[in-house]
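Residues per chain are reported as follows:
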Amino acid sequence: MTEVIEPSIETVTIDVVLSALADPVRLTLVRALDAAGDWTCGSDVLKSSRFTIGKSTLSHHIKVLRDAGLIRTRVDGIRRLVTLRYDDVEQRFPGLLSMLREHDAEEVPASTA
């Protein structure tokens, strides 16, 4: 299996992370990946949410999250598996992901961007 390169956690800045999390779809993706706890198919992660987006839009959101240092992507055949870089993000920005868990996802307005 091949891993897609993500930025070193030391180079990730809080403004890039917060910008990535400002989008409701990406915030929902991060919360869903946190709940999944392990590698999951990118197209499966939003199935239980209220968001319906196309494959290219999902790919864009995953790329933004990966470039922000929040997720890791691994290629498995034709599938792309993603996981939250929880330990890395926790090391760099202590408490950030825990804080996202504490807020109800229903507070985020729906969007199909």
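Anyway, here's the lowdown on the structure attached to this text. (Residues numbered from 1 in each chain as written. Predicted model: local features only at pLDDT ≥ 70, side-chain atom pairs only at ≥ 80, totals over all residues. Heavy atoms only, no water.)

**What to know about the pattern of salt bridges**
Argument step 1. As enumerated under the stated definition, the model contains five salt bridges in all.
Argument step 2. Between Arg101 and Asp34 there is a salt bridge, and its shortest N-O distance comes to 2.5 Å. In this pair, Arg101 is assigned in helix H5 (residues 96–102) and Asp34 in helix H2 (residues 24–36), connecting sequence segments 67 residues apart.
Argument step 3. With its nearest N and O atoms 3.2 Å apart, the salt bridge here joins Arg72 to Asp88. You can see Arg72 sitting in strand S3 (residues 71–76) and its partner Asp88 sitting in helix H4 (residues 86–92), a full 16 residues away along the chain.
Argument step 4. Shared partners join several salt bridges into a network, and the residues in it are Glu6, Arg72, Arg85 and Asp88. (Salt bridge = Lys/Arg side-chain N within 4 Å of Asp/Glu carboxyl O. Helix = DSSP H or I, 4+ residues; strand = E, 2+ residues; numbered from the N terminus.)

**Here we look at the pairing of strand S4 (residues 79–84)**
Argument step 1. Bridging between strand S2 (residues 40–41) and S4 involves two bridges; their strand directions are antiparallel. Within the sheet, the bridge partner assigned to Cys41 lies in S4 and is Leu81.
Argument step 2. Here S3 pairs with S4 via six bridges, running antiparallel. Note on S4: the bridge partner recorded for Asp76 is Arg79. (Pairing = 2+ DSSP bridges.)

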